[in-house]
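Residues per chain are reported as follows:
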Amino acid sequence: MKLSCYYILCAVRIIFTLLPQTGYIHPDEHFQGPEIVYGDIFNFKIHQAWEFTDEKPIRNIVFPYFITGFPSLVANFLGIKYLHGTFLFPYFMLVLPRIIMCSLSFLNDSRSNSAVIFYKTYMPPRYVLGLTERQKDISIHDFAGIDEDGLEDLLNSLILQSKPQYVYAIIPHETSIPIQNLFVFQKNYKFVARKCLFPHLSTESLPKLNFGKLTYAEEFKEATEY
């Protein structure tokens, strides 16, 4: 069901790419991109925006050429000029950069491999997570209350075997310093701490007043550097 929904949304994405609107949301989509590139490649009479022609220009031509330039060179080589004078020519000129951006957007659809570990706190019942056997992109691990050496051994084993792109460690506040100093984290991940009380509240580390400030249980997210 989820896979079918994904393909439907992919089709919608492609349709909106190939079905251009009768106006534009923002003029810079055209005047600071294809307008400049097409003028150079196809030798069209264009309006060069001041952002590119000023004595101290504030726009870089690299990105427009990356998105529109190379495809335009290919289209020019394949004889797009023979469509000049037909309705297909302006249509193709309009959708070409959108096709490139749409194609690049599919690269972002690949799922990341994530691991979630619960350490020195109670993890929620598995059924509320709604994970099925077919979902291989996320794994849940209960490290219970093992000591620091055992924790590092388990993390080393986890990282070597599944190589998760992200590791989410849900741990009580007082455990934050030891876990972020583990060598396995310092070597493979960038440590990002995020304090939160909801949705996971540990009764073993309740919020408390600390020098006039409220201290919460913390949730830690490890962003990969693989």
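Sequence order as written defines the numbering, with residues in each chain counted from 1. In keeping with the model being predicted, local features are shown solely for residues with a pLDDT of at least 70 and side-chain atom pairs are shown and tallied solely at 80 or more, while totals for entire chains, interfaces and linings include all residues. Note that the side-chain values use all heavy atoms of the structure and ignore hydrogens as well as water.

Take the overall build of the chain next. Every helix listed is a DSSP run of H or I at least four residues long, and every strand listed is a run of E at least two residues long, numbered separately from the N terminus. The number of helices and strands found in the chain is 9 helices and 7 strands. Burial status across the chain gives 32% buried among its 226 residues. Should any heavy atoms of two residues lie within 4.5 Å, those residues are counted as being in contact. Of all intrachain contacts in the chain linking residues separated by at least 6 positions in sequence, the fraction that spans at least 24 positions is 73%. Counting every atom, the chain has about 15600 Å² of accessible surface; 62% of that belongs to carbon and sulfur. Burial here depends on accessible area, computed with a 1.4 Å probe over protein chains only, as a share of the maximum for the residue type. Under 20% is buried, over 50% is exposed, and the range in between is partly exposed. Note on areas: these come from Shrake-Rupley sampling with a 1.4 Å probe, and a residue is covered only by the protein chains present in the view.

A cavity, in this analysis, means grid points on a 1 Å lattice covering only the protein atoms where a 1.4 Å probe fits yet has no way out; a pocket is instead an open set bounded by protein on both sides within 12 Å along at least five of seven lines, and a residue lines either one if it has an atom within 4 Å of a point. Grid points are joined across faces, edges and corners, and a volume is the space filled by probe spheres set on the points. The volume enclosed by the largest pocket comes to roughly 540 Å³. In terms of lining, the largest pocket is formed by 23 residues, of which the most central are Glu29, His30, Gly33, Pro34 and Glu35. We call Asp, Glu, Lys and Arg charged. Ala, Val, Leu, Ile, Met, Phe, Trp, Tyr, Cys and Pro are nonpolar, and the rest, Gly among them, are polar. Looking at the lining of the largest pocket residue by residue, the class counts come to 12 nonpolar, 5 polar and 6 charged.

Known as pLDDT, the predictor's per-residue confidence is scaled from 0 to 100. Of all residues in the chain, 76% attain a pLDDT of 70 or more, and the chain-wide mean is 76. In this model residues 211–226 is a low-confidence stretch, pLDDT under 50, and it forms 67 contacts with partners more than four residues away in sequence or in other chains.

Two numbers describe how helix 3 (residues 34–42) lies on helix 5 (residues 62–77): the axes approach to 9 Å, and their chain directions differ by 35°. Classified by chirality, the crossing of helix 5 by helix 3 is right-handed. Along the contact surface, helix 3 presents Pro34, Val37, Tyr38, Asp40, Ile41 and Phe42, while helix 5 presents Pro64, Tyr65, Thr68, Gly69, Ser72, Leu73 and Asn76. Every axis corresponds to a line fitted to the C-alpha atoms, with the helix fit spanning only the stretch in contact, and the corresponding angles, defined between N-to-C directions, vary from 0 to 180 degrees. Two helices cross in a left-handed way if the nearer one is turned anticlockwise from the farther one by less than a right angle. They cross in a right-handed way if the turn is clockwise.

Once that is clear, we can look at helix 3. Among the 9 residues that make up helix 3, 7 are buried, leaving the element largely enclosed by the rest of the structure. Where helix 3 is concerned, the buried positions are Pro34, Ile36, Val37, Tyr38, Gly39, Ile41 and Phe42. Count one or two residues on from helix 3 and you reach Asn43, which has phi positive near 60°.

What follows is about the UniProt feature "transmembrane region" (unreviewed entry) in the chain. UniProt positions are given in the numbering used here, feature names are shortened, and annotations may be inferred rather than shown by experiment. Here, UniProt's "transmembrane region" (unreviewed entry) annotation points to residues 62–82 and 88–107. Here residues 62–82 is 76% helix and 0% strand, with 28 Å between the C-alpha atoms at its ends. This span, residues 88–107, is 90% helix and 0% strand, and a straight line between its end C-alpha atoms measures 28 Å.

Right, let's get into the packing of aromatic side chains. The way to describe two aromatic rings as a pair is by their centre distance and the angle between their planes. What counts as a ring pair is set by centres within 6.5 Å for rings of Phe, Tyr and Trp (its six-membered ring), and what kind of pair is set by the plane angle: stacked under 30 degrees, edge-to-face over 60, tilted for all other angles. The tally for this structure, following the rule as stated, stands at 4 aromatic pairs. Put simply, the rings of Tyr38, Phe42, Phe44 and Phe89 touch in pairs and so form one group of aromatic residues.

Locating Thr17 in the fold gives a position in helix 1 (residues 2–18). A polar atom in the side chain of Thr17 sits 2.8 Å from the backbone oxygen of Arg13. Ignoring anything within four residues of it in the chain, the contact list for Thr17 reads Val95, Arg98, Ile99 and Cys102. Whenever two N or O atoms come within 3.5 Å, that pair is a polar contact, provided that in protein one can donate a hydrogen and the other can accept it, and provided that, for residues adjacent in sequence, both atoms are side-chain atoms.

Among the structural elements, His30 can be located in helix 2 (residues 28–31). Look past the residues within four positions of His30 in its chain and what remains in contact with it is Tyr24, Glu35, Leu94 and Arg98.

Nonpolar side chains (Val, Leu, Ile, Met, Phe, Trp, Tyr) within 5 Å and like charges within 9 Å form the patches, drawn only from residues with over 30% relative accessible area and no salt bridge. The term salt bridge refers to a side-chain nitrogen of Lys or Arg lying within 4 Å of a carboxyl oxygen of Asp or Glu. There is a patch of nonpolar side chains on the surface, built from Ile14, Leu18, Phe87, Leu88, Tyr91 and Ile99 and spanning about 530 Å² of accessible area. Among the secondary structure elements, those contributing two or more residues to the nonpolar patch are helix 1 and helix 6 (88–105). Per-element tally for the nonpolar patch: the top contributor is helix 6, with 3 residues. In this fold, Leu88 is placed in helix 6. On the accessibility criterion, Leu88 (37% relative accessible area) is partly exposed.

Looking at the secondary structure, you find Tyr122 in the loop between strand 1 (114–119) and strand 2 (138–144). Counting along the chain gives 22 residues from Tyr122 to Ala144, while the straight-line C-alpha distance between them is 7.5 Å.

Considering all chains together, one arrives at 1 salt bridge under this definition. Between Glu29 and Arg98 there is a salt bridge whose closest N-O contact spans 3.0 Å. On the criterion of sequence distance, the pair formed by Glu29 in helix 2 and Arg98 in helix 6 is long-range, its members being 69 residues apart. Looking at Glu29, the relative accessible area reads 35%, which means it is partly exposed.

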